[in-house]
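Chain and residue survey
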Amino acid sequence: MINALYKDEVLDIMRTSPVIPVIAIDDIAHAVPLAKALVAGGIRVLEVTLRTVHGLAAIRAMAEQVPGAIVGVGTLTHPDEFAAARDAGAVFGVSPGLTPALIAAAKSSGLPLLPGVMTPSEVMTAREAGFRQLKLFPAVPAGGVGMLNAIAGPLADITFCPTGGISIDTAAQFLACKNVACVGGSWLTPKAALQAGDWAQITALATAASQLRAK
Ligand SMILES: O=C(O)C(=O)C[C@H](O)[C@H](O)COP(=O)(O)O
């Protein structure tokens, strides 16, 4: 069981703060000041996606240079990315979906994984593989709060991090669901603020996010 391997690491990470920012780094020089700005606002768990070429370098820079940051890797879609991200300093991983190859890579790398699911059958497949903490992705197109509440009946032992289409205005509705520990979103890192180096704005967005109700 992967849960046994990870113990409660993924759940602990999900409970650290109510929002996990989904980060895409277009300029490696942004990595450290961005992470510092988020941590200053009380958001310590950071998901750095592999959507851009700077993903692994950004993970390494944040993990080495930003005290208090809990840096993870996002957009894991290929098995060989697990060990590379772990070696760069990632302490958890997030994937938009789950495949047998990703399950094997999670096990062999030891990187705690929050896998993405979108349907009840996918939840059940992930649970059979040992995962009880899942990312509902894309959360709003998948049915949002209504979907989460409906799933809570038959699949009550699963805890979700819904991600995709959530904002500061809707996050509280998701966090009120009994099967939600945190939400993910890109709204804490607007591209315009990064390009302008407006770290104060990032800290303000993080502060507002960290004050949402945590569990
Ligand atoms: O890159 C990945 O691995 C993803 O899973 C996608 C992100 O989680 C969503 O893009 C975040 O959604 P928004 O907050 O609506 O922007």
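Everything quoted here is computed from the prediction, not taken from an experiment.

1. Details of the nonpolar core
A general trend in soluble globular proteins is that nonpolar side chains are found buried together. One finds Leu38, Leu46 and Met62 to be the most contacted residues of the largest nonpolar core, which totals 73 residues. Among the elements that line this core, the one with the most residues is helix α3 (residues 31-40), at six residues. Those residues in contact with leucine 38 that sit more than four places away from it in its chain are Pro21, Ile43, Leu46, Leu188, Ile202 and Ala206.

2. Details of unusual backbone geometry
Omega for the peptide link from phenylalanine 137 to proline 138 comes to -10°, which places this bond in the cis form. Mapped onto the elements, proline 138 comes out in the loop between β7 (133-136) and α8 (144-152). A positive phi angle, close to 60°, is found at threonine 75, a residue other than glycine. Topologically, threonine 75 is positioned in the loop between β3 (70-74) and α5 (80-88).

3. Focus: the packing of α3 against helix α4 (residues 55-65)
Packing of α3 against α4 leaves a shortest axis separation of 9 Å and a crossing angle of 50°. Between α3 and α4, the angle falls in the class oblique. As for the relative orientation of α3 and α4, their crossing is right-handed in sense. Of the residues in α4, those in contact with Ala31, Val32 and Ala35 of α3 are Ala58, Ala61, Met62 and Gln65.

4. A look at the site of the ligand
Around the ligand sit 15 residues, and of these Thr75, Pro96, Thr163, Gly185 and Ser186 come closest. Taken together, the residues of the shell around the ligand break down into five nonpolar, nine polar and one charged.

5. So, the confidence of the model for the chain
Summary statistics for the chain give a mean pLDDT of 95 and a share of 96% for residues scoring 70 or more. The ipTM assigned to the predicted complex is 0.94, against a pTM of 0.95.

6. Quick notes on the pairing of β3
Within β3, five of the five residues are buried, which leaves the element mostly enclosed by the surrounding structure. Side chains Ile70, Gly72 and Gly74 of β3 all project onto a buried face; the interleaved residues Val71 and Val73 project onto the opposite face, where all are buried too. Pairing analysis gives five bridges linking strand β2 (residues 45-49) to β3, with the strands arranged parallel. Across the sheet, the residue bridging to leucine 46 is valine 71, located in β3.

7. Considering the packing of α4 against α5
Their axes nearest at 8 Å, the elements α4 and α5 cross at an angle of 30°. Our classification of the angle between α4 and α5 gives roughly parallel. From α4, Leu56, Ile59 and Arg60 reach across to α5, where they touch Ala84, Ala85 and Ala88. Of the residues contributing to the contact of α4 with α5, the split by class is five nonpolar, no polar and one charged.

8. Side note on the pairing of strand β1 (residues 19-23)
Taking burial as the measure, the five residues of β1 include five buried ones, the bulk of the element. Of the two faces of β1, the one holding Val19, Pro21 and Ile23 and the one holding Ile20 and Val22 are both buried throughout. When β1 meets strand β9 (residues 183-185), the two strands line up parallel, connected through three bridges. Within β9, the position partnered with isoleucine 20 by the bridge is glycine 184. Here β1 runs beside β2; their pairing, made up of two bridges, is parallel. Within the sheet, the bridge partner assigned to isoleucine 23 lies in β2 and is valine 48. Chirality of the crossover, the property in question, places the unit of β1, α3 and β2 among those that are right-handed.

Analysis parameters
- Residues numbered from 1 in each chain as written.
- Predicted model: local features only at pLDDT ≥ 70, side-chain atom pairs only at ≥ 80, totals over all residues.
- Core = buried A, V, L, I, M, F, W, Y, C linked by C-beta atoms within 7 Å.
- Buried ≥ 20, exposed ≤ 12 C-beta atoms within 10 Å, placed from the backbone.
- Helix = DSSP H or I, 4+ residues; strand = E, 2+ residues; numbered from the N terminus.
- Contact = placed C-beta atoms within 7 Å.
- Axes fitted to C-alpha atoms, helices over the stretch in contact; angles between N-to-C directions.
- Parallel < 35°, antiparallel > 145°, perpendicular 65-115°, else oblique.
- Left-handed = near helix turned anticlockwise from the far one by under 90°.
- Near = placed C-beta within 6 Å.
- Nonpolar A, V, L, I, M, F, W, Y, C, P; charged D, E, K, R; others polar.
- pLDDT = per-residue confidence, 0-100.
- Pairing = 2+ DSSP bridges.
- Right-handed = clockwise from strand over helix to strand, strands pointing away.

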